[in-house]
Amino acid sequence: RPSAILLLSAVLRTAADSTEQNVVNAVVAPEASKSHDTFIVEGFLEAACTVGAFVAVAAAKGAFSHWSPRAPFQRLRADKLVDDSEDSHSSGPSKQFLRSVARPSSSPSRSTSETDALAAAVRSGRAWELPWLLDKARARAQEYSDIDIEICEVEHLTSSIRACAARRCFREALRAYDHVAERIGEGSVGIWSLLLYCSAETEFRRCGYFWTRLCSIAQPAGQDFVNMVRWKAHLGDAEGLEVVLSQLKATGFELTGLDRNRALAVCATEGSLDLAELLSESDICDAEMDTVTYNTLMKAASQAGLPERCFEFSSQMREAGLLPSEMTFGILLEACVAAKDFTTAKQTFEDLRKSGIVPNSVHFTTFLKGLVCSGQLIAAEALLEEMLTSAGTQPDLVTYSILVKAYADRGEVSSAVRILEKMVKQGIMPDAVMFNIILTGCCAEPTDAAEVSRVLDWSLQHGLKPSTTTLSILVKALSQTESWDSACEILETAPRRLGLWPEARIFAQLLQGCIKSGNGRKAVEVYSLMAKAVKSGGITVDEVTSTKLLRLCGTCGQHEAACRIHAELCRLGRRRC
């Protein structure tokens, strides 16, 4: 039996990941219909079966006859294992080794087992059960007279919250803390640090309390400082941050350059330039400001919509003897384009060329976006050609889409198609969004039906997978030139040519276009075409929609013809029901 237990233990350790849920269920969630010991035994048997440990299972059925329910995580009593070993007169493991793998009597081992099980419960998706699981763990701990319940609760909660943080179950972590808050005394550094992080990810309103509790028992770590800055930056509380910095300075807290840069990045994300400047000017960090620090400050200024401050930080960086990096120029270009300062953007791009830094595709794309926004499409296309001929600056889908959309918005569909052909030649295939942008260009200005058809054919040849949106764009484009016959043809041939049936709303869109132009005869033809699609079984039309279209046809003097179609649609609807 001792050998069987050791075999089972090895199997279960190997299969820990795949059987975690079974083990957790067996340890911390016994079913009411089963005794505690029976459920745990069955849970381990089930876990063993998961990995095919049939031999171990068979041996375990006998070995668990001496199992003691007083220690859920220590399965067998060491003295029973030793007795069995002596009785069997086998050459198995020694008494000392058996005691080391069976049930140690020390409290830390029992507590560790509980914390491991709570963490496993969270990893298996049961974080919402933590209040109940913590109560169960506490009840089991109270069975032992040599355990400090408060310390035990702190260990249990720390393990639970850490597991929740790893799985981003932040609200569940806060809920677990609220449940045991009155039972953990002053808590621990780990608890308050983890809760500060969880609160910064969900409920900033609680950060102040957790930060105060943390500072009351220990000096915060660098990550705690970053989370505190997240809280202050979210609130835009520069005055509050200044107070905290003074308090930390008085306690001898020293911030590393890395953590300062991380805190500045948080300010940049929140758009809190004033907090970023306050932090950079504070003497709480002895490390000199480096290129990363200045870049982060520039990013914060860019996010705040202050490009002039970006260039001020850039000047300060140069005065400090630091050279700008690729990131520096990227931030400056983004700031100029966002502020629509295209003259400065052009000068910045020229400075980049002269700096000795080879512009990358991001620099080119950002500057190209600026040229497009300023209406300089010819210069933008020339820049695209330069990207194609330069090493390491090949344009991507984003680069092409900027220029394609610019031409499409102007109604210059042929130019947009020309850019797409360059993209395809490079080996980048357009996506559905890109194709629809091209087709939408046919709506920007009235486009001849033959040109619309040519663009559609080209798109289909290059991989367009039409959707209802595609049909809607085509109907809109053809309606602008009152190409009703072409529009009807597209809808009628869509199942065969495009592989989809037009929805009722597409027919309604075309019908309304006919009505608006005063062409009642064509409106009735569209109505009839929709009835034909219903009869073929491709679409369904409810009576409300049909009645609405009937009324529209009636406004153009086509009431009698429309009534016949409406009656047919109603008949088909009743028959289908």
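Check the entry above for the structure.
Residues numbered from 1 in each chain as written. Predicted model: local features only at pLDDT ≥ 70, side-chain atom pairs only at ≥ 80, totals over all residues. Heavy atoms only, no water.

### Comments concerning the side chain of T470
Applied cut-off: Labels follow the DSSP assignment, with helices taken as runs of H or I lasting at least four residues and strands as runs of E lasting at least two, numbered in each case from the N terminus. Nitrogen and oxygen atoms within 3.5 Å of one another constitute a polar contact, given that in protein one can donate a hydrogen and the other can accept it, and given that sequence-neighbouring residues count only through two side-chain atoms. A contact between two residues is defined here by any heavy atoms of the two lying within 4.5 Å.
Relative to the helices and strands, T470 resides in helix α27 (residues 468-480). Of note is the side chain of T470, whose polar atom sits 3.2 Å from the side chain of N436. Excluding anything up to four places from it in sequence, T470 contacts N436, L439 and L464.

### Things to note about the packing of aromatic side chains
For clarity, the cut-off: By convention, a stacked pair of Phe, Tyr or Trp rings (six-membered ring in the case of Trp) has centres within 6.5 Å and planes under 30 degrees apart, an edge-to-face pair has planes over 60 apart, and any other such pair is tilted. Any residue under 20% of the maximum accessible area for its type is buried, any over 50% is exposed, and the rest in between are partly exposed; the area is computed with a 1.4 Å probe on protein chains only.
Applying the stated rule across the entire model yields 10 aromatic pairs. With centroids separated by 5.6 Å and ring planes inclined at 80°, the aromatic side chains of Y177 and F210 adopt a geometry described as edge-to-face. With Y177 in helix α10 (residues 170-180) and F210 in helix α12 (residues 207-217), this pair connects stretches of sequence that are 33 residues apart. By the burial criterion, Y177 is buried, and F210 matches it. Summarising the aromatic geometry, the rings of W192 and Y209 are spaced 6.3 Å apart at their centres and angled 90° between planes, so their arrangement reads as edge-to-face. Here W192 is found in helix α11 (residues 189-201), whereas its partner Y209 is found in helix α12, with 17 residues between them in sequence. Residue classification places Y209 among the partly exposed residues on the basis of a relative accessible area of 42%.

### Some remarks on the environment of E451
Along the chain, the position of E451 falls in helix α26 (residues 449-461). As a C-alpha pair, E451 and S414 span 37 residues in sequence and 9.0 Å in three-dimensional space.

### Overview of the nonpolar core
Keep this limit in mind: What makes a nonpolar core is a set of buried Ala, Val, Leu, Ile, Met, Phe, Trp, Tyr and Cys residues whose side-chain atoms join them at distances within 4.5 Å.
Counting residues in each nonpolar core, the largest one holds 82 residues, and the members touching the most others are Y527 and M530. The element best represented in this core is helix α30 (residues 520-535), accounting for 9 residues. Sequence-distant contacts of M530, defined by excluding residues within four places in its chain, comprise A504, F507, I539, V541, L549 and L569. With 67 residues, the next largest nonpolar core counts A121, V122, C207 and F225 among its residues.

### Considerations on the environment of I473
Tracing the chain through its elements places I473 in helix α27. Classification of I473 as buried rests on a relative accessible area of 12%. Along the sequence, I473 and T440 sit 33 residues apart, while their C-alpha atoms lie 6.1 Å from each other. Among residues more than four places away in sequence, those in contact with I473 are N436, L439, T440 and C443.

### Section: helix α9 (residues 149-166)
Cut-off, in case you're wondering: What a helix should span is 1.5 Å times the count of its residues minus one.
Taking 1.5 Å per residue as the helical rise, α9 with its 18 residues ought to reach 26 Å, and the 26 Å between its terminal C-alpha atoms agrees with that figure. Restricting attention to buried positions, one finds in α9 the residues C152, E153, V154, H156, L157, T158, S159, S160, I161, A163, C164 and A165. Put simply, D148 is the residue that caps the front of α9, since its side-chain oxygen is 3.1 Å from the backbone nitrogen of E150. Count one or two residues on from α9 and you reach R168, which has phi positive near 60°.

### Topic: the packing of helix α20 (residues 342-354) against helix α21 (residues 361-373)
Filter applied, for reference: For helices, the fitted axis covers only the stretch in contact; all axes are lines through C-alpha atoms, and the angles between them, taken along N-to-C directions, range from 0 to 180 degrees. Oblique is the label for any angle not covered by the other classes, which are roughly parallel (under 35 degrees), roughly antiparallel (over 145) and roughly perpendicular (65 to 115). For any pair of crossing helices, the crossing counts as left-handed if the nearer helix is rotated counterclockwise from the farther one by less than a right angle, and right-handed if it is rotated clockwise. Lys, Arg, Asp and Glu make up the charged group, whereas Ala, Val, Leu, Ile, Met, Phe, Trp, Tyr, Cys and Pro make up the nonpolar group; the residues left over, Gly among them, are polar.
Here α20 crosses α21 at 155°, and the two axes come no closer than 10 Å. Relative to α21, the element α20 lies roughly antiparallel. Here the hand of the crossing between α20 and α21 comes out left-handed. The residues of α21 that touch α20, namely those facing F342, A345, K346, F349, L352 and R353, are H363, F364, F367, G370 and C373. Each residue belonging to the contact of α20 with α21 can be placed in one class, and the counts come to 7 nonpolar, 2 polar and 2 charged.

### Details of the side chain of S160
Residue placement: S160 occurs in helix α9. Polar side-chain contacts of S160 include one of 2.8 Å to the backbone oxygen of H156.

### Things to note about the pattern of salt bridges
What counts is decided by this rule: Here a salt bridge means any side-chain nitrogen of Lys or Arg lying within 4 Å of a carboxyl oxygen belonging to Asp or Glu.
Here the structure, examined in full by the defined rule, presents 29 salt bridges. Put simply, E129 and R126 hold a salt bridge, and the shortest N to O gap is 2.9 Å. In this structure, K522 engages D485 in a salt bridge whose closest nitrogen and oxygen atoms are separated by 2.5 Å. Taken together, the residues span a long stretch of sequence, with K522 in helix α30 and D485 in helix α28 (residues 484-497) at a distance of 37 residues. Residue D485 is classed as exposed on the basis of its relative accessible area, which comes to 54%.

### Re α12
Selection rule: Directions pointing from the helix axis toward each C-beta atom define the arc.
Taken residue by residue, α12 has C207, G208, F210, W211 and L214 as its buried positions. Along α12, the residues classed as buried sweep out an arc of 165° about the axis, all on the same side. When the buried face of α12 is taken as reference, the exposed residues oriented beyond 90 degrees from it are T212 and S216. Where α12 is buried, its residues meet α10, α11, α13 (222-235) and α14 (238-250).

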